[in-house]
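The residues making up each chain are set out below.
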Amino acid sequence: MKDNEGGRIIVSDNEIIELFWSRSEEAITETDKKYRKECMKISHNILNNTSDCEECLNDTYMTAWNIIPPNRPNYLCAFICKIMRNHSLRKYEYYHREKRKNHISQSLDELNECIPDKCSTEDIADKNELAKEIQNFLMAQNIEKRVIFIRRYWFYDSFEQISEKCGISEDNVKMTLTRLRKNLRQFLTERGFTY
């Protein structure tokens, strides 16, 4: 146990993972204390409904309980947040099968501009190769551009949220994302992803 935050002891990620491995229910309690806020924010950006977010959070903890062990995540926060994001996206999909009308749909539509048709964002034939190329593209960008891209297309933050987080105007956020998508499309085309 390390650091003290507001009078409570913060348990390290390694200690939490060990709690999962020893099948201690305290693993869920400590995960909740440490990562609830971030998980709920991700889910709320997708679902915009506290009750649904809470349900996804419970599903996230159940999933983590069932897959740790055998998995031993290197970065617990990213591991837990990814599970939460996936549960939230599944619930969103369930609710919006017919017609998507919010910023999640808008984000996916934006990405569809630069992802080849045969590799739609919802059904990618070789998603691992595409994911590696997108990662390579992002690693070639400066930190601000990477943050803007990831906040928009992984966390589904609104333009306003990104603007506040990065300290730049919404117009600058939109322009940066437009340029990034154009450059990503060209980058993928050059690597054999055809349109």
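Residues numbered from 1 in each chain as written. Predicted model: local features only at pLDDT ≥ 70, side-chain atom pairs only at ≥ 80, totals over all residues. Heavy atoms only, no water.

Trainee: Whenever I open this one, helix 2 (residues 26-47) confuses me. Can you help?
Mentor: An α-helix turns once per 3.6 residues; consequently, residues spaced three or four apart project the same way. Where helix 2 bends most, the angle comes to about 65°, and this point is Tyr35. Regarding helix 2, the residues found buried are Ala27, Glu30, Thr31, Tyr35, Cys39, Met40, Ile42, Ser43, Asn45, Ile46 and Leu47. Asn48, located one to two residues past helix 2, shows a positive phi value of around 55°. (Bend = angle between axes of the 7 residues up to and from the residue. Helix = DSSP H or I, 4+ residues; strand = E, 2+ residues; numbered from the N terminus. Buried < 20%, exposed > 50% of the residue type's maximum accessible area, 1.4 Å probe, protein only.)

Trainee: What exactly am I supposed to notice about helix 7 (residues 143-153) here?
Mentor: Residues Ile148, Phe149, Arg151, Arg152 and Tyr153 constitute the buried set of helix 7. At the N-terminal end of helix 7, a side-chain oxygen is found 3.1 Å from the backbone nitrogen of Glu144, two or three residues along, and the residue is Asn142. (Polar contact = N/O pair within 3.5 Å; in protein donor to acceptor, adjacent residues only side chain to side chain.)

Trainee: Can you help me understand the packing of aromatic side chains in this one?
Mentor: Aromatic ring pairs are defined here through the distance separating the ring centres and the angle between the ring planes. Throughout the structure, instances matching the rule amount to 5 aromatic pairs. Aromatic pair Trp154 and Phe155: ring centres 5.0 Å apart, planes at 70°, arrangement edge-to-face. Among the residues examined, Trp154 registers a relative accessible area of 26% and is labelled partly exposed. Accessibility expressed as a relative area gives 14% for Phe155, which makes it buried. (Phe/Tyr/Trp six-rings, centres within 6.5 Å; stacked < 30°, edge-to-face > 60°.)

Trainee: Hey, could you run me through the pattern of salt bridges in this one?
Mentor: Opposite charge on two side chains lets them pair, provided their charged atoms get close. Applying the stated criterion to the full structure yields 9 salt bridges. The closest approach of N and O atoms between Glu55 and Lys91, which form a salt bridge, is 3.0 Å. Of this pair, Glu55 sits in helix 3 (residues 50-67) while Lys91 sits in helix 4 (residues 76-95); the two residues are 36 residues apart in sequence, bridging distant segments of the chain. Relative accessible area serves as the criterion here: at 38%, Glu55 is assigned to the partly exposed category. The class for Lys91 is buried, based on a relative accessible area of 13%. Asp157 serves as the salt-bridge partner of Arg151, at 2.7 Å between the closest nitrogen and oxygen. (Salt bridge = Lys/Arg side-chain N within 4 Å of Asp/Glu carboxyl O.)

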